[in-house]
Amino acid sequence: MAYETEKQIAIKAALAAGQLCERVRHEISPEAIEKKDRSPVTIADFGSQALICRELATEFPNDPVVGEEDAAELKQPEMAERLSQVADYVGAIAPNTTPDQVVSWIDHGNGSVGPRYWTLDPIDGTKGFLRKDQYAVALALVEDGEVKVGVLVCPALQLSAAQPGLMFVAVRGEGTTMSGLDGQNPQTIKVVSSENDPNLRFVESVESGHGNQAQQAEIAKAAGITQDSLRMDSQAKYGAVASGEAALYLRLPSPKTPDYREKIWDHAAGTIVVEEAGGRVTDMHGKPLDFSQGAKLVDNQGVVVSNGLLHDKVIAALQQQTS
Ligand SMILES: Nc1ncnc2c1ncn2[C@@H]1O[C@H](COP(=O)(O)O)[C@@H](O)[C@H]1OP(=O)(O)O
Ligand SMILES: [Mg+2]
Ligand SMILES: [Mg+2]
Ligand SMILES: [Mg+2]
C-alpha cells in the first residue's frame, strides 16, 4: 500500500497531539472561559505542533513542515513560564523534553511549500477549543500540489452513540476511514449518496465572520437543501461530509473580509478525507484548491465541499448569483 509509513507516523503524531490538547482542555476552568483567557489554547497549540514536528523531524528529516505556529513569541524572556508549561505537557508524552527542544521542534514547522511537504494545523478551530466545542488536529502530506495523506483528529466529535473522539484518515486512491481515538477498527466511510437521504443538510462555521451565512443559506436552498445548517467549528465539518452526516459544507467569503485567502493547513487534510470518501472539494468558482502556491490558497476564493452529487448544482447557483 502506498504511503503506509507516512500514514502510520501521521496517525501516531496526530493522536499524541490530540491527547495533549484534551489534557489541556480538561484543565480549562470556567473562570478562564469567562475571562476569555487564551493561554490554554496557546499552550495546546504550541504543544501539539511540537509533538507532531518532533515525530516528523525524526522520521522524515528531509520533508519540510508548513505549520501554522512558530516559536518566535514563545522564545521571548517574558514567556519563560509559558514555555516551561508547554514543555511539561509535551514531556508527559515525550519524557525528558527540555524547553529548548520544544522551541526547536515548533520551529521545524517553519518550512516552505515545495514538491513534497507536510502541512499542519496543531489546533484548527481555536474558538471551538476554548468554547469546549469542536476542534481538530489536522495533518497532511502534499506532493506536487496534490494531497496524498490526510489525518484529522477530532477529540470532541461524536457522530453516533459511541464515545466522543473521532479520527479520519485518508490516503490517495485508498479511501477514507473513521475510527475512535484508539485507532482500532477503522471503518471505510462514504458521503451521502442519494438526494433522499435524511442527512441532506449542510454544515458551516459557527463563526459568522469566517464565511457568509446569508449567502450560504441561499445557495444551499438553491441546491435543494431544505434543512437548517449544522454549525460546527474546525475541519470537523469535512469529517461530517465524508461520513455522510451532511452533504455539503459551504465557506463563502465573508463580506467583511472579501480578500481573505484560505490557508493550506485549514483545508489540506479535510480535502483528501472528503475526496477519498467520494466527495468533491473546489473553490466557489469550481476550481480545485491549489496547494502548490505557498501557505495561502492565493488562487482560490471560498471553499465548496460536497458529496459530489450536489457539486455542479452548487457551483451553478453561485455563478448565477454573481452573473
Ligand atoms: N475571514 C476569514 N474567513 C475565513 N476563515 C477565516 C477568517 N479568519 C480566520 N479564519 C480561519 O478560520 C479557521 C477556523 O474555521 P472555522 O470557523 O470553520 O472553525 C481558522 O483557522 C481561522 O484562521 P486563523 O487561525 O488565521 O484565525
Ligand atoms: Mg485553522
Ligand atoms: Mg490553528
Ligand atoms: Mg489560528
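The protein chain appears in an unreviewed UniProt entry as Fructose-1, 6-bisphosphatase/inositol-1-monophosphatase from Acaryochloris thomasi RCC1774. Regarding the protein chain, the relevant UniProt record gives this comment under Sequence similarities (unreviewed entry): "Belongs to the inositol monophosphatase superfamily." The protein chain has a UniProt comment under Cofactor (unreviewed entry) that states "Mg(2+)".

In this structure, Tyr3 takes a positive phi of about 55 degrees despite not being glycine. Tracing the backbone through its elements, the reader meets Tyr3 in the segment before α1 (4-26). Judged by local crowding, Tyr3 falls into the partly exposed class, with 17 C-beta atoms found within 10 Å. Backbone geometry places Ser234, a non-glycine residue, at a positive phi of 75 degrees. With respect to the element layout, Ser234 can be found in the loop between β9 (230-231) and α8 (236-242).

A few words on the site of ligand 1. Lining the immediate surroundings of ligand 1 are 13 residues, of which Ser205, His210, Asp233, Thr257 and Tyr260 lie closest. The class makeup of the residues in the shell around ligand 1 is 1 nonpolar, 8 polar and 4 charged. Here the shell around ligand 1 spans two domains, since at least three of its residues come from each of domain 1 (4-188) and domain 2 (202-322).

Here the UniProt feature "binding site: Mg(2+)" (unreviewed entry) sits at Glu68, Asp121, Ile123, Asp124 and Asp266. Spanning 199 residues, the annotated positions come together in the fold, the maximum distance between their C-alpha atoms being 9.8 Å. For Asp121, the position within the fold is in strand β2 (residues 116-124). The exposure class of Asp121 is buried, given the 30 C-beta atoms found within 10 Å. Apart from the residues within four sequence positions on either side, Asp121 is in contact with Glu68, Ala138, Trp265 and Asp266. In this fold, Asp124 is placed in strand β2. Excluding residues within four positions of it along the chain, Asp124 makes contact with Tyr135, Ala136, Ala138, Ser234, Gln235 and Asp266.

The subject of this paragraph is helix α10 (residues 311-322). Since the α-helix turns once every 3.6 residues, residues separated by three or four places project in the same direction. Here α10 is 12 residues long and its end C-alpha atoms lie 17 Å apart, about the 16 Å a rise of 1.5 Å per residue gives. Those residues of α10 that fall on the buried side of the exposure criterion are Val314, Ile315 and Leu318. Buried residues of α10, seen end-on, are gathered within an arc of 95 degrees and therefore sit on one face of the element. In α10, the exposed residues that point more than 90 degrees away from the buried face are Gln319 and Gln320.

Further remarks concern the domain arrangement of the protein chain. Domain annotation for the protein chain reports domain 1 (4-188) and domain 2 (202-322). Counting residues at the interface gives 34 residues for domain 1, matched by 28 residues for domain 2. Looking at the side of domain 1 that touches domain 2, the elements with two or more residues in it are β2, α6 (126-131), β3 (136-143), β4 (146-154), β5 (166-171) and β6 (176-179). Residue classes in the side of domain 1 that touches domain 2 are distributed as 19 nonpolar, 8 polar and 7 charged.

Another aspect to go through is the sheet that holds strand β12 (residues 303-306). Strand order in the open sheet made by the 5 strands is β9-β8-β10-β12-β11, with mixed pairing throughout. The outermost strands of the open sheet, each flanked by one partner alone, are β9 and β11 (280-282). Across 4 bridges, strand β10 (residues 248-251) lies against β12 in antiparallel orientation. Residue pairing in the sheet places Leu250 in a bridge with Val304 of β12.

This part covers the sheet that holds β3. Spatially, 7 strands are ordered β1-β2-β3-β4-β5-β6-β7 in an open sheet, and the strand pairing comes out mixed. Two strands lie at the open edges of the sheet, namely β1 (65-67) and β7 (187-188), each paired on one side alone. Taken together, the 7 bridges between β2 and β3 define a ladder with antiparallel strand orientation. Bridged to Tyr117 within β3 is Val142. Against the sheet, helix α3 (residues 39-59) engages β1, β2 and β3, with an angle of about 155 degrees to β2.

In this structure, Val206 sits in the loop between β8 (202-204) and α7 (213-222). Each C-alpha atom of the pair Val206 and His26 lies 22 Å from the other, and the pair is 180 residues apart in sequence. If we ignore the near neighbours within four places in the chain, the residues touching Val206 are Gly128, Asp133, Arg231, Met232 and Asp233.

Parameters and conventions
- Residues numbered from 1 in each chain as written.
- Chains lettered and ligands numbered in written order.
- Predicted model: local features only at pLDDT ≥ 70, side-chain atom pairs only at ≥ 80, totals over all residues.
- UniProt positions renumbered as here; feature names shortened; annotations may be inferred.
- Helix = DSSP H or I, 4+ residues; strand = E, 2+ residues; numbered from the N terminus.
- Buried ≥ 20, exposed ≤ 12 C-beta atoms within 10 Å, placed from the backbone.
- Near = placed C-beta within 6 Å.
- Nonpolar A, V, L, I, M, F, W, Y, C, P; charged D, E, K, R; others polar.
- Domains from an automatic or database assignment.
- Contact = placed C-beta atoms within 7 Å.
- Expected span 1.5 Å × (residues − 1).
- Arc of directions from axis to C-beta.
- Pairing = 2+ DSSP bridges.
- Axes fitted to C-alpha atoms, helices over the stretch in contact; angles between N-to-C directions.

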